[in-house]
Amino acid sequence: MFLLHEYDIFWAFLIISSVIPILAFIISGVLAPSSEGPEKLSSYESGIEPMGDAWLQFRIRYYMFALVFVVFDVETVFLYPWAMSFDVLGVSVFIEALIFVLIPIVGSVYAWRKGALEWS
């Protein structure tokens, strides 16, 4: 039988964790000073007077390297629990983890051969 009262602590935690950030935004909006002017609307460049347009387009190469880093970083996070319980899981899980590691490696080799990772 499904008993709803067993989840009371979950609902209390959910409500409290939702109300605290909302209250923080409301209180900061009420108490924060509001001073608008030309200095507030200008872009900040380490105390130097801004020159030119504030919008600058980055080369796609930066994003490619960041994306490769994020993929391998997330893969490491997923492999850590597997490595901690390697002796219990068996050979089939080892093969699955090997496939999990090989997919990004094959993708990186493909991108490398296409020249997507070259810095020129």
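Model, not experiment: these values are computed from the prediction.

*Asks:* Whenever I open this one, the UniProt feature "transmembrane region" (unreviewed entry) in the protein confuses me. Can you help?
*Replies:* The feature "transmembrane region" (unreviewed entry), as annotated in UniProt, sits at residues 12-32, 62-83 and 89-112 in this numbering. What you have in residues 62-83 is 100% helix and 0% strand, and the ends, taken at the C-alpha atoms, are 31 Å apart. The straight-line gap between the two end C-alpha atoms of residues 89-112 is 34 Å; of that span, 96% is helix and 0% is strand.

*Asks:* Sorry, what's going on with the packing of aromatic side chains here?
*Replies:* Any aromatic ring pair is given by two values, namely how distant the centres are and how the planes are angled relative to each other. Throughout the structure, instances matching the rule amount to five aromatic pairs. Pairing W82 with F94 gives two aromatic rings, centres 6.3 Å apart and planes at 25°, and the pair type is stacked. Here F94 lies in helix α5 (residues 91-114) and W82 lies in helix α3 (residues 60-84), a separation of 12 residues in the sequence. A residue is classified by how much of its surface remains accessible, and W82, at 21% relative accessible area, is partly exposed. With a centroid separation of 5.9 Å and 70° between ring planes, the pair formed by F86 and F94 is classed as edge-to-face. Owing to a relative accessible area of 42%, F86 belongs among the partly exposed residues under this scheme. Counting every residue linked through ring pairs, the aromatic cluster contains W82, F86 and F94.

*Asks:* Any chance you could explain the environment of W119 here in plain terms?
*Replies:* Within the secondary structure, W119 is located in the segment after α5. C-alpha separation for the pair W119 and F65, spaced 54 residues apart in sequence, amounts to 9.8 Å. Not counting residues up to four positions away in its chain, the partners in contact with W119 are R61, Y62 and F65.

The rules we used
- Residues numbered from 1 in each chain as written.
- Predicted model: local features only at pLDDT ≥ 70, side-chain atom pairs only at ≥ 80, totals over all residues.
- Heavy atoms only, no water.
- UniProt positions renumbered as here; feature names shortened; annotations may be inferred.
- Helix = DSSP H or I, 4+ residues; strand = E, 2+ residues; numbered from the N terminus.
- Phe/Tyr/Trp six-rings, centres within 6.5 Å; stacked < 30°, edge-to-face > 60°.
- Buried < 20%, exposed > 50% of the residue type's maximum accessible area, 1.4 Å probe, protein only.
- Contact = heavy atoms within 4.5 Å.

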